[in-house]
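Commentary on secondary and tertiary structure
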Amino acid sequence: MARAAVSRSASLWPWLAWAVLLVIADQFTKTLILGYYRLGDATYVTSFFNIVRAHNTGAAFSFLADAGGWQRWLFTGIALATAVFILWQLRAHPGQKLFCFALSSILGGAIGNVVDRLQHGYVVDFLDFHLRGWHFPAFNVADCAITVGAACLILDELLRVRRTG
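Reading guide: rules and limits
Residues numbered from 1 in each chain as written. Predicted model: local features only at pLDDT ≥ 70, side-chain atom pairs only at ≥ 80, totals over all residues. Heavy atoms only, no water. Pairing = 2+ DSSP bridges. Helix = DSSP H or I, 4+ residues; strand = E, 2+ residues; numbered from the N terminus. Core = buried A, V, L, I, M, F, W, Y, C linked by side-chain atoms within 4.5 Å. Buried < 20%, exposed > 50% of the residue type's maximum accessible area, 1.4 Å probe, protein only. Contact = heavy atoms within 4.5 Å. Expected span 1.5 Å × (residues − 1). Polar contact = N/O pair within 3.5 Å; in protein donor to acceptor, adjacent residues only side chain to side chain. UniProt positions renumbered as here; feature names shortened; annotations may be inferred.

Points about the pairing of strand E1 (residues 42-46)
- For E1 and strand E2 (residues 49-56), the ladder comprises 4 bridges, and the chain directions are antiparallel. Across the sheet, residue Ala42 finds its bridge partner in E2, namely Val52.
- In textbook terms, the turn of a hairpin is the stretch between consecutive antiparallel strands, and for E1 and E2 this stretch comprises 2 residues.

Dropping the structure here:
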């Protein structure tokens, strides 16, 4: 009973602040890339990592990147619908720290990439990991936030099942 009271009295604002901070970090890094790199430029950092400028008109791993333009609006709509759902969940469960951290990370990442889609028509990617000629698709801070959020969401569910099992 005390836990339910704590959950209801916990604030939504720290989670929204985290999401906003992620959007700011994402957009700041992308602004730097757009300002200092031309499309296709790369800077060698280590034997397995480069900073590059890449444009992704698709989703993760460039899914539907060559679809002709309609995918921009599809992915924007999906992200905005997801944002509404996440806000609803954050409002309903603000005291569940790991769950809310996960959701607000996904929210910040999704909004960061929506800003790109609306502003440029593509998502700016710049983190390029590679090994022996194999390159992982370039990604950005928003993608990192979404990935960390998804991993934390899985961890939260595993911990919840363990507590109730």
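Overview of the nonpolar core
- Core analysis: the biggest nonpolar cluster contains 11 residues, these being Trp15, Leu16, Ala19, Ala83, Ile86, Leu90, Phe99, Cys100, Leu103, Ile106 and Leu107.
- Breaking this core down by element, the ones donating at least two residues are helix H2 (13-36), helix H3 (70-92) and helix H4 (97-120).
- With 5 residues, H4 is the largest single contributor of residues to this core.
- Those residues in contact with Trp15, other than ones at most four positions away along the chain, are Leu90, Pro94, Lys97, Cys100, Phe101 and Ser104.
- Among the nonpolar cores identified, the runner-up in size contains 9 residues, and Ile33, Tyr122, Val124 and Phe139 belong to it.

Thoughts on the side chain of Gln89
- As for its position among the elements, Gln89 is in helix H3.
- Overall, the relative accessible area of 12% leaves Gln89 in the buried class.
- When sequence neighbours within four positions are dropped, the list of residues in contact with Gln89 reads Phe99 and Leu103.

Quick look at H4
- Between its first and last C-alpha atoms H4 spans 34 Å; for 24 residues at 1.5 Å apiece the expected length is 34 Å, and the two agree.
- Of the residues flanking the end of H4, it is Gly121, one or two places downstream, whose phi is positive at about 90 degrees.

Thoughts on the environment of Thr31
- Note on placement: Thr31 falls in helix H2.
- Thr31 sits 93 residues away from Val124 along the chain, and the two C-alpha atoms are 9.1 Å apart.
- A distance of 2.8 Å separates a polar atom in the side chain of Thr31 from the backbone oxygen of Gln27.

Some points on the UniProt feature "transmembrane region" (unreviewed entry) in the protein chain
- Per the UniProt entry, the sites bearing "transmembrane region" (unreviewed entry) are residues 73-91, 98-115 and 135-155 in this numbering.
- As annotated, residues 73-91 has a helix share of 100% and a strand share of 0%, and its two end C-alpha atoms lie 27 Å apart.
- The distance separating the terminal C-alpha atoms of residues 98-115 is 26 Å; by composition the span is 100% helix and 0% strand.

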